[in-house]
Amino acid sequence: METMFWDKRNETMGRPALEALQLKRLQSTVRRLARRVPFYQEKFAERGLKPADIRTLADAQKLPFTTNADLRASYPKGLVAVGPESLARLHTSSGTTGKPKALFFSRRDVGNAADLMARCLTMTGVTRQDVLQNMMTYGLFTGALVMHYGAEKVGCLVIPAGPGNSEKQLLLMQDFRSTVLHITPSYALYFAGFLESKGIDPRRDLALRKAFVGAEPYTEETRRKIERTLGVEVYNSYGLSEMSGPGVAFECAQKRGMHLWEDNYLLEIVDPKSGQPLPDGQRGELVLTTLCREAMPILRYRTRDITAVIARPCACGRTHRRIDRITGRSDDMLIVRGVNIYPQQIEQVLMAIPEVGRNYVIQLEGLDEMTVRVELAEGGFDGQVSRLARLREEIGARLRAEILTKPKVELAPPGSLPVSEGKAKRVIDTRKL
Ligand code: DLL
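A few points on the structure. Model, not experiment: these values are computed from the prediction.

What counts as what
- Residues numbered from 1 in each chain as written.
- Predicted model: local features only at pLDDT ≥ 70, side-chain atom pairs only at ≥ 80, totals over all residues.
- Heavy atoms only, no water.
- Core = buried A, V, L, I, M, F, W, Y, C linked by side-chain atoms within 4.5 Å.
- Buried < 20%, exposed > 50% of the residue type's maximum accessible area, 1.4 Å probe, protein only.
- Helix = DSSP H or I, 4+ residues; strand = E, 2+ residues; numbered from the N terminus.
- Contact = heavy atoms within 4.5 Å.
- Polar contact = N/O pair within 3.5 Å; in protein donor to acceptor, adjacent residues only side chain to side chain.
- Phe/Tyr/Trp six-rings, centres within 6.5 Å; stacked < 30°, edge-to-face > 60°.
- Lys NZ or Arg CZ within 6 Å of the ring centre and 35° of its normal.
- Near = heavy atom within 4 Å.
- Areas by Shrake-Rupley, 256 points an atom, 1.4 Å probe, with all protein chains shown as cover.
- Pairing = 2+ DSSP bridges.
- Expected span 1.5 Å × (residues − 1).
- Salt bridge = Lys/Arg side-chain N within 4 Å of Asp/Glu carboxyl O.

### Focus: the nonpolar core
Reasoning step 1: Ranked by size, the top nonpolar core spans 67 residues in total, and within it Tyr40, Leu63, Phe212, Tyr238, Leu260, Leu288 and Ile323 carry the most contacts.
Reasoning step 2: Take this core: its biggest share by element is 8 residues, from helix α5 (residues 107-123).
Reasoning step 3: Setting aside residues up to four positions removed in sequence, Leu288 forms contacts with Leu240, Met243, Val248, Leu260, Tyr265, Leu266, Leu267, Ile298, Leu299, Arg300, Tyr301 and Thr303.
Reasoning step 4: Of all hydrophobic cores here, the second largest spans 45 residues; its members include Leu189, Ala192, Ala211 and Val427.

Given below as structure tokens:
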């Protein structure tokens, strides 16, 4: 398939030109922050750093990190770098505890985010002929609105469906012949089960071709399951509110890692403990700096997402480096009986077992006991209790091979575990340690 471009010049710019552009934008961002934002003024002063000290891209390492805690502490408007007349949109990110983070966009920032999203859509082959059903949450969450603006820019028909209410989603899909879905992986799996329960074969009955799936971590096994059960090509989509939401990094038609738009974001991978830079190819924490943000530029944001840079050129011709699938967060690592476990390792095992359905929960309780509760696949139980016991054993053994400790496994009927409208909550931790 010939790849399509939204902005060919910028997407295929040679590395030297791209890096020169990054440096120019980084310098201008640092200068503006030094003039306008007390938080960064103080951080620069602590280090005796002046904007003129940033002479090369490597000098970015002299800049301070910005953390989740910094953003919370600066709530509501501490990091804003423009006057109120220039603010055009507010999003927030709630995270798990405490105050939300407030993220501001200027009019230009809104346009820019839509433009990056349009690059993403176009590189997967979306055109103005497409009908995009946006099944992400509308509102303070960036997921739906940023995609909405990008898809309108491309010229698609956009259906602002929001999440949930699967009956209505199906009607919209049937009546308006939706071709593209924007959806979280947990809802995609759930929705596939819903279609099956209605006797709908998406390949026969619907017009779906692609799904943009993100906002939560998921595995290759889950991707394949969604592709198989919804009859779509799944493209991985990565973003975060702090960096304007979705559209930060996205898969091209090769589906081998996500191009991160380096003319808009400076990309680093650091050791999550020491904060020291790691070479391309090595897994570590993704750190991002906004290069074009007007209302609220952020330097060296510690995303806590664990990934690696794929530096080799991509067959699609884009020069922006790719990041690998996010395999966890530096802070969602579970430690169970002394063993480090990422929830994704468990998902990977579960989704590769055909008898396993679409939903699961990891429960940690008492004195470090782990229970993995999994739904059975539709039609996965023929009434033979001995088969269930065997399956439970097998799941336990496969999990032990992967995570080195054997959790208790409980099997649940299809569709019986709770589903949330936004991001799935996979881990319930009530341990008293
Ligand atoms: O989830 C933005 C988004 C919306 C991305 C729609 C993609 C699609 P936040 O709510 O701030 O923003 O959550 C950001 O979600 O730091 C990751 O931990 C996780 N995340 C997002 N996309 C992926 C992905 C949006 N494709 C946090 N794979 C990030 C793994 C993801 N994790």
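### Observations regarding the side chain of Asp70
Reasoning step 1: Structurally, Asp70 is set in helix α4 (residues 68-73).
Reasoning step 2: At 2.9 Å, the side chain of Asp70 and the backbone nitrogen of Thr67 are in polar contact.
Reasoning step 3: With residues near it in sequence (within four places) discarded, Asp70 still touches Phe39, Lys43 and Phe65.

### A closer look at unusual backbone geometry
Reasoning step 1: A cis amide bond links Tyr75 to the next residue, Pro76, at an omega of 0 degrees.
Reasoning step 2: One non-glycine residue, Asn165, lies in the positive phi region at around 55 degrees.
Reasoning step 3: Tracing the backbone through its elements, the reader meets Asn165 in the loop between β4 (157-159) and α7 (166-176).
Reasoning step 4: On the accessibility criterion, Asn165 (48% relative accessible area) is partly exposed.
Reasoning step 5: A positive phi angle, close to 80 degrees, is found at Ser244, a residue other than glycine.
Reasoning step 6: Looking at the element boundaries, Ser244 is found in the loop between β7 (233-240) and β8 (245-251).

### Quick word on the packing of aromatic side chains
Reasoning step 1: Within this structure, the stated rule accounts for 7 aromatic pairs.
Reasoning step 2: Look at Phe39 and Tyr40: their rings are 4.9 Å apart centre to centre, the planes differ by 80 degrees, and that puts the pair in the edge-to-face class. Accessibility classification places Phe39 together with Tyr40 in one group, the buried group.
Reasoning step 3: Linked through ring pairs, Tyr187, Tyr190, Phe191 and Phe194 together constitute an aromatic cluster.
Reasoning step 4: For the cation-ring pair, Arg89 lies above Tyr149, with the distance from its terminal atom to the ring centre recorded as 4.5 Å.

### Description of the site of the ligand
Reasoning step 1: Neighbouring the ligand are 22 residues; Asn236, Ser237, Ser241, Asp305 and Lys423 lie closest to it.
Reasoning step 2: The side chain of Lys423 places a nitrogen or oxygen atom 2.8 Å from an oxygen atom of the ligand.
Reasoning step 3: Taken by itself the ligand offers 610 Å² of open surface, and the protein chains cover 93% of this.
Reasoning step 4: Of all the secondary-structure elements, those providing two or more residues to the shell around the ligand are α6 (142-154) and β7.
Reasoning step 5: Broken down by element, the residue count for the shell around the ligand peaks at 5 residues, all from β7.

### Describing the pairing of strand β1 (residues 87-93)
On any regular strand, side chains alternate: one points to one face of the sheet, the next to the other face.
Reasoning step 1: Across the 7 residues of β1, 5 count as buried, placing the element largely inside the fold.
Reasoning step 2: Pairing analysis gives 6 bridges linking β1 to strand β2 (residues 101-106), with the strands arranged antiparallel. Within β2, the residue paired with Ser93 across the bridge is Lys101.

### Let's talk about α5
Reasoning step 1: Its 17 residues give α5 an end-to-end C-alpha distance of 25 Å, which sits within 8% of 24 Å, the value for a rise of 1.5 Å per residue.
Reasoning step 2: Along α5, 12 of the 17 residues are buried, which leaves the element largely enclosed by surrounding structure.
Reasoning step 3: Inspection of α5 places Asp109, Val110, Ala113, Ala114, Leu116, Met117, Ala118, Arg119, Cys120, Leu121, Thr122 and Met123 among the buried residues, and these make up the whole buried set.

### Let's talk about the pairing of strand β5 (residues 180-183)
Reasoning step 1: With burial as the criterion, each face of β5 is covered, one bearing Val180 and His182 and the other bearing Leu181 and Ile183.
Reasoning step 2: When strand β3 (residues 131-134) meets β5, the two strands line up parallel, connected through 3 bridges. In the strand pairing of β5, Gln133 is matched with Leu181.
Reasoning step 3: Bridge count for β5 against strand β6 (residues 210-214) is 4 bridges, and the pairing is parallel. Residue pairing across strands places Val180 opposite Lys210, the latter belonging to β6.

### Describing the sheet that holds strand β12 (residues 301-307)
Reasoning step 1: Taking strand neighbours across the sheet as the criterion, the 4 strands line up as β10-β11-β12-β15 in an open arrangement whose pairing is antiparallel. Two strands in the sheet have a free side with no partner beyond their single neighbour: β10 (265-270) and β15 (328-329).
Reasoning step 2: Bridge count between strand β11 (residues 284-290) and β12: 4 bridges; the pairing is antiparallel. Pairing of Leu288 across the sheet is with Tyr301, part of β12.

### Section: the pattern of salt bridges
Reasoning step 1: Throughout the structure, instances matching the rule amount to 34 salt bridges.
Reasoning step 2: Salt-bridge contacts for Arg358 lead to Glu196; the nearest nitrogen and oxygen are separated by 2.8 Å. Note that Arg358 is positioned in strand β18 (residues 356-365) and Glu196 in helix α8 (residues 185-197), a separation of 162 residues in sequence.
Reasoning step 3: Arg358 sits in the buried class, given a relative accessible area of 13%.
Reasoning step 4: Among the ionic pairs, Arg431 bridges to Asp368, the shortest N-O distance being 2.7 Å. Placement of the pair is Arg431 in the segment after β21 (427-429) and Asp368 in the loop between β18 and β19 (369-376), with a sequence separation of 63 residues.
Reasoning step 5: A relative accessible area of 12% places Asp368 in the buried class.
Reasoning step 6: Through salt bridges with shared partners, a single network forms among Arg15, Glu19, Glu262, Asp280 and Arg321.

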